[in-house]
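Here are the chains, one letter per residue:
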Amino acid sequence: MSANTQAPAPAGKAHYASTGSPFFGILLAVMAVIVILSNIGASKGVVFGPIVTDGGFFLFPLAYVLGDVISEVYGFKVARKAIISTFVLSIFASLCYWVIILLPGFDDDYGRSKQAALEGALGPVPQIVLASLVAFLAGQTINSWILVKMKARSGEKSLWARLMGSSGAGEFVDTLIFCSIAAPVIGITDAPTFINYVLVGFLYKTLVEYVLVPVTSLVIRAIKRREPSYGA
């Protein structure tokens with residue numbers, strides 16, 4: 001049997017595909033781009049009236065949606081590799097920002113203002129990457145592990161239940177860790193604002209994932225139908 005194919009799983013059991021087709025590479029690339037952009041956006045604190053969040057709030061839930069798709073279609077081991085690959089790329093991006101900031105610029109008013117803008121926008125990113133790295137590794141690993149364990153019990157049934165059940169636990173761990181590390185970087189120093197930051201982040205990201213469950217389910221089913229090695 002070739003490395004790009006696998007025998008169909010027995011009926012009612014959990015099915016997974018290999019990574020030999022183009023779909024996994026596309027999902028991984030999109031997830032990495034979303035996380036890197038989220039890390040940049042998260043360096044900016046954002047306020048909507050009483051709501052406190054950061055500039056990456058509208059992007060980051062999509063990374064979890066993609067993590068759900070990868071976990072459901074390809075399994076826990078592949079999802080773990082995707083998480084690690086994404087954050088290796090995030091660290092590389094952060095190192096690139098550091099080099100760009102250190103490079104000598106033009107010594108005129110425009111050059112100095114551009115340098116200050118780069119330092120302000122990209123300077124905090126390494127701390128944000130650290131927060132995102134620890135949080136996403138923990139949260140997404142828990143999310144993927146719970147989803148795969150639930151799938152082992154239900155097989156191909158109850159997709160919506162495992163998407164929703166795994167997301168809540170993963171997002172809570174992710175949000176708590178991320179906010180604890182990132183809060184000082186974006187200027188959050190008092191307890192009430194921090195609690196607001198954690199609760200808003202958790203509720204928002206979880207709600208977005210729940211709202212997107214029908215779309216996520218459609219994407220998962222479409223990929224399963226087109227994956228040659230998926231035994232469903």
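### A word on the confidence of the model for the protein
Here is step 1: Confidence along the protein averages 86 in pLDDT terms, with 94% of residues attaining 70 or more.
Here is step 2: Highest mean pLDDT in the protein belongs to helix α8 (residues 213-226) (92); lowest belongs to strand β2 (residues 51-54) (79).
Here is step 3: Predicted confidence for residues 1-11 stays below pLDDT 50, and this span has 16 contacts to residues more than four positions away or in other chains.

### Observations concerning the nonpolar core
Here is step 1: Counting 30 residues, the largest nonpolar core has F24, L27, M31, I70, V73, Y74 and F136 as its most contacted members.
Here is step 2: Those elements that place two or more of their residues in this core are α1 (22-41), α2 (60-74), α3 (76-102), α5 (125-154), α6 (159-182) and α8.
Here is step 3: Sorting elements by how many residues they give to this core places α2 first, with eight residues.
Here is step 4: Setting aside residues no more than four positions away along its own chain, F136 makes contact with M31, F60, A63, Y64, I83, F87, T141 and D174.
Here is step 5: By size, the runner-up hydrophobic cluster in this structure holds 13 residues, among which are A42, V52, I128 and A182.

### As for the packing of α2 against helix α7 (residues 191-211)
Here is step 1: The geometry of α2 relative to α7 is characterised by a closest axis approach of 9 Å and an angle of 45 degrees between their N-to-C directions. On the basis of the axis angle, α2 is oblique to α7. Every pair of crossing elements has a handedness; the one defined by α2 and α7 is right-handed. Along the contact surface, α2 presents F60, P61, Y64, V65 and D68, while α7 presents Y204, K205, V208 and E209.
Here is step 2: In the contact of α2 with α7, the residues fall into six nonpolar, no polar and three charged.

### Comments concerning the packing of aromatic side chains
Here is step 1: This structure, assessed with the given rule, holds nine aromatic pairs.
Here is step 2: Where F60 meets F136, the ring centres are 5.5 Å apart and the plane angle is 70 degrees; that geometry is what we call edge-to-face. Placement of F60 in helix α2 and of F136 in helix α5 is noted, with a sequence separation of 76 residues between them.
Here is step 3: Each member of the aromatic cluster is reached from another via a ring pair, and the members are F48, F57, F58 and Y204.
Here is step 4: Directly above the aromatic system of Y16 lies the positively charged group of K151, at a separation of 4.3 Å from the ring centroid.

Criteria and thresholds
- Residues numbered from 1 in each chain as written.
- Predicted model: local features only at pLDDT ≥ 70, side-chain atom pairs only at ≥ 80, totals over all residues.
- Heavy atoms only, no water.
- pLDDT = per-residue confidence, 0-100.
- Helix = DSSP H or I, 4+ residues; strand = E, 2+ residues; numbered from the N terminus.
- Contact = heavy atoms within 4.5 Å.
- Core = buried A, V, L, I, M, F, W, Y, C linked by side-chain atoms within 4.5 Å.
- Buried < 20%, exposed > 50% of the residue type's maximum accessible area, 1.4 Å probe, protein only.
- Axes fitted to C-alpha atoms, helices over the stretch in contact; angles between N-to-C directions.
- Parallel < 35°, antiparallel > 145°, perpendicular 65-115°, else oblique.
- Left-handed = near helix turned anticlockwise from the far one by under 90°.
- Nonpolar A, V, L, I, M, F, W, Y, C, P; charged D, E, K, R; others polar.
- Phe/Tyr/Trp six-rings, centres within 6.5 Å; stacked < 30°, edge-to-face > 60°.
- Lys NZ or Arg CZ within 6 Å of the ring centre and 35° of its normal.

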